[in-house]
Amino acid sequence: MIHPTIQRARERVLLERRAANREILETFTRLPSTEVPQLLALADEVRTAYCGNGIAVEVLYNAKKGGCSEDCNFCSQSARYASDVDAEPLSSVEGFLEAAKDAHERGAGELCIVVAVRGPSARLLERVCTAVKLIKAQYPLHVAVSLGILREDQLQQLLEAGVDKVNHNLETSRRYFSSICTTHTYEERWQTCRLVKQFKLELCCGGIIGMGETVEDRIDFLSALQELQPQEVPVNFLNPRPGTPLRDRSLVEPTEALRFIAMARLALPAALIRFAGGREVTLQGLQDLGMRSGASGLVLGNYLTTAGRQDQDDFAMLDRLGFEILA
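Note that the structure is a prediction, hence the values are computed from the model and not measured. For every chain, the first residue of the written sequence is number 1, and numbering continues from 1 along that sequence. Totals for whole chains, interfaces and linings use every residue, but because this is a predicted model, local features are given only for residues with pLDDT of at least 70 and side-chain atom pairs only at 80 or more, for both listing and counting. Side-chain metrics in this entry use all non-hydrogen atoms of the structure; hydrogen atoms and water are not considered.

Caption draft 1: Main features of empty space enclosed by the protein. The method works on a 1 Å grid over the protein atoms by themselves. A cavity is a set of points holding a 1.4 Å probe that cannot get out, a pocket is an open set with protein on both sides within 12 Å along at least five of seven lines, and residues with an atom within 4 Å of a point line them. Grid points are joined across faces, edges and corners, and a volume is the space filled by probe spheres set on the points. If you walk through the whole model with that rule in mind, you get 2 cavities of 30 Å³ or more. A helix here means a DSSP run of H or I that spans at least four residues, while a strand means a run of E at least two residues long, and both kinds are numbered starting from the N terminus. Residue assignment for the lining of the largest cavity shows that the elements contributing at least two residues are β1 (54-64), β2 (110-115), β3 (142-146), β4 (165-167) and β7 (232-237). When residues are sorted by character, Ala, Val, Leu, Ile, Met, Phe, Trp, Tyr, Cys and Pro go into the nonpolar class, Asp, Glu, Lys and Arg into the charged class, and all the rest, Gly among them, into the polar class. Of the residues contributing to the lining of the largest cavity, the split by class is 22 nonpolar, 15 polar and 9 charged. Space inside the second largest cavity adds up to approximately 60 Å³. Looking at the lining of the second largest cavity, the elements with two or more residues in it are α9 (215-228) and α10 (254-267). The leading source of residues in the lining of the second largest cavity is α10, at 4 residues. Residues of the lining of the second largest cavity, tallied by class, amount to 3 nonpolar, 1 polar and 3 charged.

This is the structure we're talking about:
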């Protein structure tokens, strides 16, 4: 028998074509674990109805590892923590091109260039823009960038260089943000996201689950994303890194991880919900189920500071589940 909450959500999202509201999201958090499979099945149905059967595959390129001035508690790239990440200088343009070649050959349709900084210097931005122009001329890749807090003039340069998408995560709720970062504010992140939308660039905006936030924080986070309406929502699960303040945090329970993926899909039915960092350690053998819980994209292994799993395992999973890889 279908749980009443699931039935109500199904009618709203599939028949009325309206996103799940806060009241429905709150009831999802109270569903007993025995009812979660119904929620996952609904999220998969919604994903098919709104997004089809295609899966968007992305590769991340860490173009300047470590040495970041900010104190995000989850990040081993912060210069403030004695982590296992050694700082490296900004990549050469040739390095960017090699990364694009690698992403293309691995079967990805998108390359996301990531730089660990509060915001880009003029020199850094110029190099990224030069590299993006060359990448777009040589490879059929969607190019995203993650460069921290951005101003209008910087977004204009990125737009003119041919950047397709800008990533800037909210990470968590407005209430909880100051518990995980004190060197910049939630409002600064919010304003960057609003500017990205203003410049008509695609917005990639998500966060990390499992940093000590409450269930209410997770709902607030999803509600904020509903207001922003990003084209893409990467869902990460904390993989506690040595040397960081969150190094001793326990992993998210698999059922809760799956529940959140499904909630993200129902809150943002038309968005690209991308299965991202921490999925391997959190879900382990349940990753197939994770992809059937509303996800419509994934990041291939080799994340910013962690390895992930082998590409062939991810592509075998997608083939096994009958998904089509988007170009």
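Caption draft 2: Expanded view of the pairing of β7. Here's how the labels work: a residue is buried when its accessible area is under 20% of the maximum for its type, exposed when over 50%, partly exposed in between, all with a 1.4 Å probe on protein chains only. Most of β7 sits inside the fold, with 6 of its 6 residues counted as buried. Paired strands are those between which DSSP finds at least two bridges. Pairing of strand β6 (residues 207-209) with β7, which is carried by 3 bridges, proceeds in the parallel orientation. Each residue of the ladder has a partner; that of G207, found in β7, is V235. Crossover handedness is defined here as right-handed if the route from the first strand over the helix to the second strand goes clockwise, with the strands pointing away from the viewer. Note that the unit made of β6, α9 and β7 has a crossover that is right-handed. In this view, the connection linking β7 to its parallel neighbour strand β8 (residues 272-275) by way of α10 has right-handed handedness.

Caption draft 3: Region of the structure containing the pairing of β2. When you tally the buried positions in β2, you get 6 out of 6 residues, the bulk of the element. Neither face of β2 is open: one carries E110, C112 and V114, the other L111, I113 and V115, and all of them are buried. Examined bridge by bridge, β1 and β2 share 6 bridges and lie parallel to one another. Bridge pairing in β2 links E58 to E110. With helix α4 (residues 93-105) bridging β1 and its parallel neighbour β2, the resulting β-α-β unit is right-handed.

Caption draft 4: The arrangement of α4 in detail. Taking 1.5 Å as the rise per residue, α4 with 13 residues should run 18 Å; its terminal C-alpha atoms sit 19 Å apart, in good agreement. By the convention used here, residues are in contact when the closest approach between their heavy atoms is within 4.5 Å. Contacts from the buried residues of α4 go to β1, β2 and α5 (122-138). Multiply 1.5 Å by the residue count of a helix minus one, and that product is the helix's expected span.

Caption draft 5: Expanded view of the side chain of S293. By the element assignment, S293 lies in the loop between α12 (287-291) and β9 (297-299). With near-sequence residues (within four places) excluded, S293 lies in contact with L40, A43, D44, L258, I261 and A262.

Caption draft 6: Seen up close, the layout of surface pockets. The computed volume of the largest pocket comes to approximately 260 Å³. Taken together, 17 residues form the lining of the largest pocket, with A56, L272, R274, S296 and L326 sitting closest to its centre. Of all the elements in the fold, those that place two or more residues in the lining of the largest pocket are β1 and β8. Counting residues per element, the lining of the largest pocket draws most heavily on β1, which supplies 3 residues. For the lining of the largest pocket, a count of residues per class yields 8 nonpolar, 5 polar and 4 charged.

Caption draft 7: Local environment of the environment of A82. By the element assignment, A82 lies in the loop between β1 and α4. For A82, a relative accessible area of 72% puts it in the exposed group. In contact with A82, not counting residues within four places along its chain, are P242 and G243.

Caption draft 8: Representation of the pattern of salt bridges in the model. Criterion for a salt bridge: a side-chain nitrogen of Lys or Arg within 4 Å of a carboxyl oxygen of Asp or Glu. On inspection of all chains with the given rule, the structure shows 28 salt bridges. In this structure, the salt-bridge partner of E216 is R22, at a minimum N-O distance of 2.8 Å. Of this pair, E216 sits in helix α9 while R22 sits in helix α2 (residues 22-29), placing them 194 residues apart in sequence. Using a relative accessible area of 28% as the deciding quantity, one classes R22 as partly exposed. Two residues, E105 and K101, come together in a salt bridge whose shortest N-O distance is 2.9 Å. Within this pair, E105 and its partner K101 are both found in helix α4, separated by 4 residues, close to a single helical turn. Taking the relative accessible area as the measure of exposure, E105 reaches 57% and is therefore exposed. You can call K101 partly exposed: its relative accessible area is 33%. Three or more residues joined by partner-sharing salt bridges are found here, namely E58, E110, K165, E232 and R274.

Caption draft 9: Representation of helix α8 (residues 186-198) in the model. A rise of 1.5 Å per residue sets the reference length of α8, with its 13 residues, at 18 Å; its end C-alpha atoms lie 18 Å apart and thus fit the reference within 8%. Buried residues in α8 make contact with α6 (152-161), β4, α7 (174-180), β5 (202-204) and α9.

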